[in-house]
Amino acid sequence: MKLAFTLLAAVGRHVLAGLAMIGRVALFAAETVSHLMRPPFYAREFGHALVQIGWLSLPVVGLTALFTGGALALQIYAGGSRFNAETVVPSIVAIGLTRELGPVLGGLMVAARVASSIAAEIGTMKVTEQIDALTTLSTNPMKYLTLPRVLAATLAVPLLVGVGDVIGIMGGFLVGVGRLEFGAATYLHNTLDFLEAWDVISGLVKGAAFGFIVALMGCYYGMHSGRGAQGVGRATKSAVVASSVLILAANYILTEVFFSA
Amino acid sequence: MIELSDVHKAFGDNHVLRGVDLRVESGTSMVIIGGSGTGKSVALKCILGLVHPDSGIITLDGRDVTKGDRDAFLARFGMLFQGGALFDSLSVWQNVAFRLLRGSLKRPRDEAREIAVEKLRRVGLKPEQADLFPAELSGGMQKRVGLARAICADPEIIFFDEPTTGLDPIMSGVINDLVREIVTEMGATAMTITHDMTSVRAIADNVAMLHDGVIQWTGPVSGMDQSGDPYLDQFIHGRADGPIEAVR
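Only a predicted model underlies this, so the values are computations on that prediction, with no experimental measurement involved. (Residues numbered from 1 in each chain as written. Chains lettered and ligands numbered in written order. Predicted model: local features only at pLDDT ≥ 70, side-chain atom pairs only at ≥ 80, totals over all residues.)

### Focus on the overall build of chain B
Tallying secondary structure elements over chain B gives eight helices and 10 strands in all. If one aligns the C-alpha atoms of chain B with their principal axes, the spans along those axes are about 55 × 45 × 35 Å. Taking the contacts inside chain B whose residues are at least 6 apart along the sequence as the reference set, 63% of them involve residues at least 24 apart. (Helix = DSSP H or I, 4+ residues; strand = E, 2+ residues; numbered from the N terminus. Contact = placed C-beta atoms within 7 Å.)

Structure (structure tokens):
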């Protein structure tokens, strides 16, 4: 009986800690968004974040999309040939990439690259008192550090997803034409014929949500980093893990919403 | 005038401040001394609102520091942080002129740079060092840049958090002299926390000793040696034996 109570208490503690954490993150997100409505807006910081998060993530997102598109073409061909449905390769590659794999894999790659770097940067600023220094210099750290990064990621990741979609379809095209003996015109024709605007738009919406999550988690864990190298290391790890899990969870929720609509 | 009345602050079970009462008159230089971990930095951060006290009142010129326009309140302060707390991504002059490049004190970029270079000159740095980044500077130079940043907007009140920690004795002397000169010529109110007794004698008009969460002794620096307070005596003479427990 005592053991059961101990276990129950332990479960309760973790549930409460989890709920408290969700509350803290929600308040952090609300505060971040609220700064969007109140001046000043640090355009220089925003521009810098846009380059760091968007432009510099392009190679990793592009390469991920390229190889995923190629592999997807091979897998769909292998599966489709069992039903004599090899011709669906171009359209399934395009739909799969734009609706699902482009935003999810792009989001995860950005999470690995950006959430970690934001958490490490802000965490280091925290432990070296740079965040306190910002406050004493009459600059709100949420406004100066968090808002530009969250806004930049929310705007940049959909663009990255869009570019990734094109590169991924190109990867499928290269494999389809070079390896699976599709005609180039037929491949492109099949791709465009079955691809709808909503396929692309839903992926871009997901990208925006994932960008928001990635930057928010990076900033949240950075701002709440513990002391020393170990504290910053833990914040960085937590930012990547939390943003990856949240991306997958948000992906399911958004897909369910789009599916029901 | 800055006044702390019965200020308490605890972090979990660690009761750092247990009823601090302290008064710093305008235009004077107060140095708070005390062992490591006695809450000196926490007291300063409570005044600035970086840490919120659990209870007690802190006033500046008779007004509660937690009320009123926070930007206007902070604009009256400058602070030199222990490690400099310079922004790595900004050049030296941009660090110094940070306050002049944004917010209510914003000036044109050229003018802000000019002021920053002048402040750097005041702390003994050359104009050509203005375009370097903090990582390219030695520890002593970083302290000077931090000092230039603290005084850049001509604040009425300047806080110095362990200004000589990590510096060699000669550089410590230079920083102490700079702090004293700047405070005197600006007519600013200064609060310094340190456990370097050379700094105390060079910088202070008045001294307060923080121990066990309360101000153990306070008075003019000239009265420090004849205080008769066993805690202060042990601290200023660096004795291992006495009422302050030393962990061996």
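### A closer look at the overall build of chain A
A tally of regular secondary structure across chain A gives nine helices and zero strands. Counted from the first residue to the last, chain A has its helices and strands arranged as α-α-α-α-α-α-α-α-α. With respect to the principal axes defined by its C-alpha atoms, chain A has extents near 65 × 60 × 35 Å. For chain A, long-range pairs separated by at least 24 residues make up 87% of all intrachain contacts whose partners lie at least 6 apart in sequence.

### With respect to helix α8 (residues 197-223) of chain A
Since the α-helix turns once every 3.6 residues, residues separated by three or four places project in the same direction. An ideal rise of 1.5 Å per residue puts 39 Å on 27 residues; α8 of chain A measures up with 39 Å between its terminal C-alpha atoms. Summarising burial for α8 of chain A: 20 of the 27 residues are buried, a large majority. (Expected span 1.5 Å × (residues − 1). Buried ≥ 20, exposed ≤ 12 C-beta atoms within 10 Å, placed from the backbone.)

### Considering the environment of G47 of chain A
With respect to the secondary-structure elements, G47 of chain A resides in helix α2 (residues 43-53). As for G47 of chain A and R149 of chain A, which are separated by 102 residues in sequence, their C-alpha atoms are 9.3 Å apart.

### Notes on the sheet that holds strand β7 (residues 157-161) of chain B
All names here are of chain B. Taken together, six strands build an open sheet; the order of strands is β6-β7-β8-β3-β9-β10 and the sheet is mixed. Strands with a single pairing partner mark the edges of an open sheet, and in this sheet they are β6 (77-80) and β10 (214-220). Here the average twist between neighbouring strands, direction ignored, is 15 degrees. The pairing of strand β9 (residues 206-211) with β10 spans six bridges and is antiparallel. The residue of β10 that forms the bridge with N206 is P220. Along the sheet, helix α5 (residues 139-151) contacts β6 and β7; its crossing angle with β6, the most-contacted strand, is approximately 175 degrees. (Pairing = 2+ DSSP bridges. Axes fitted to C-alpha atoms, helices over the stretch in contact; angles between N-to-C directions.)

### Comments concerning the sheet that holds strand β5 (residues 63-64) of chain B
Residue and element names in this part refer to chain B. In space, the four strands of this open sheet follow the order β2-β1-β4-β5, with antiparallel pairing throughout. This sheet does not close on itself; its edge strands, each paired only once, are β2 (14-24) and β5. Of the strand pairs in this sheet, strand β4 (residues 55-60) and β5 are connected by two bridges, and their pairing is antiparallel. Looking at β5, one finds that L60 is bridged to R63.

### Focus: the interface of chain A and chain B
Contacts between the two partners involve 11 residues from chain A, matched on the other side by 15 residues from chain B. Classifying every residue of the side of chain A that touches chain B by side-chain character gives three nonpolar, six polar and two charged. (Nonpolar A, V, L, I, M, F, W, Y, C, P; charged D, E, K, R; others polar.)

### Remarks on the packing of helix α4 (residues 89-127) of chain A against helix α7 (residues 184-194) of chain A
Residues and elements named next belong to chain A. In contact at an axis separation of 7 Å, α4 and α7 are set at 50 degrees when each is read in the N-to-C sense. Comparing the axis directions of α4 and α7 gives the class oblique. Crossing geometry of α4 relative to α7 is assigned as right-handed. Residue-level contacts link P90, S91, A94 and I95 of α4 to Y187, N190, T191 and F194 of α7. (Parallel < 35°, antiparallel > 145°, perpendicular 65-115°, else oblique. Left-handed = near helix turned anticlockwise from the far one by under 90°.)

### Thoughts on the packing of α4 of chain A against helix α9 (residues 228-260) of chain A
All names here are of chain A. At their nearest, the axes of α4 and α9 sit 8 Å apart, and the two run at 150 degrees to each other. As summarised for this structure, α4 and α9 are arranged roughly antiparallel, according to the angle between their axes. Between α4 and α9 the crossing geometry is right-handed. Note on element contacts: α9 touches α4 through G228, G231, V232, A235, T236, A239, V240, S243, S244, I247 and N251, opposite V104, G107, L108, A111, A112, A115, S116, A119, A120, G123, T124 and V127.

### Some details on the nonpolar core
Residue and element names in this part refer to chain A. A153, V214 and M217 are the most contacted members of the largest nonpolar core, which totals 135 residues. Among the elements that take part in this core, α4 stands out by supplying 18 residues, more than any other. If we ignore the near neighbours within four places in the chain, the residues touching A153 are I53, V114, G211, F212, V214 and A215. (Core = buried A, V, L, I, M, F, W, Y, C linked by C-beta atoms within 7 Å.)

### What about the confidence of the model for chain B?
All names here are of chain B. Averaged over chain B, the pLDDT score is 90; the fraction of residues at 70 or greater is 99%. The element-level mean pLDDT for chain B is lowest in helix α6 (residues 169-186), coming to 86, with helix α3 (residues 92-96) highest at 96. Taken over the whole predicted complex, pTM reads 0.88, whereas the ipTM for its chain interfaces reads 0.87. (pLDDT = per-residue confidence, 0-100.)

### Focus: unusual backbone geometry
All names here are of chain A. Between P39 and the following residue, P40, the backbone shows a cis peptide bond with an omega angle of 0 degrees. Relative to the helices and strands, P40 resides in the loop between α1 (2-36) and α2. Its identity is not glycine, yet E181 carries a phi of approximately 60 degrees, on the positive side.

### Quick word on α7 of chain A
Residue and element names in this part refer to chain A. Taken residue by residue, α7 has Y187, N190 and T191 as its buried positions. When α7 is viewed along its axis, its buried side chains cluster within an angular range of 100 degrees and face the same direction. Exposed positions of α7 whose direction lies more than 90 degrees from the buried face are A185, H189, L192 and D193. In this structure, the buried side of α7 is in contact with α4 and α6 (141-178). (Arc of directions from axis to C-beta.)

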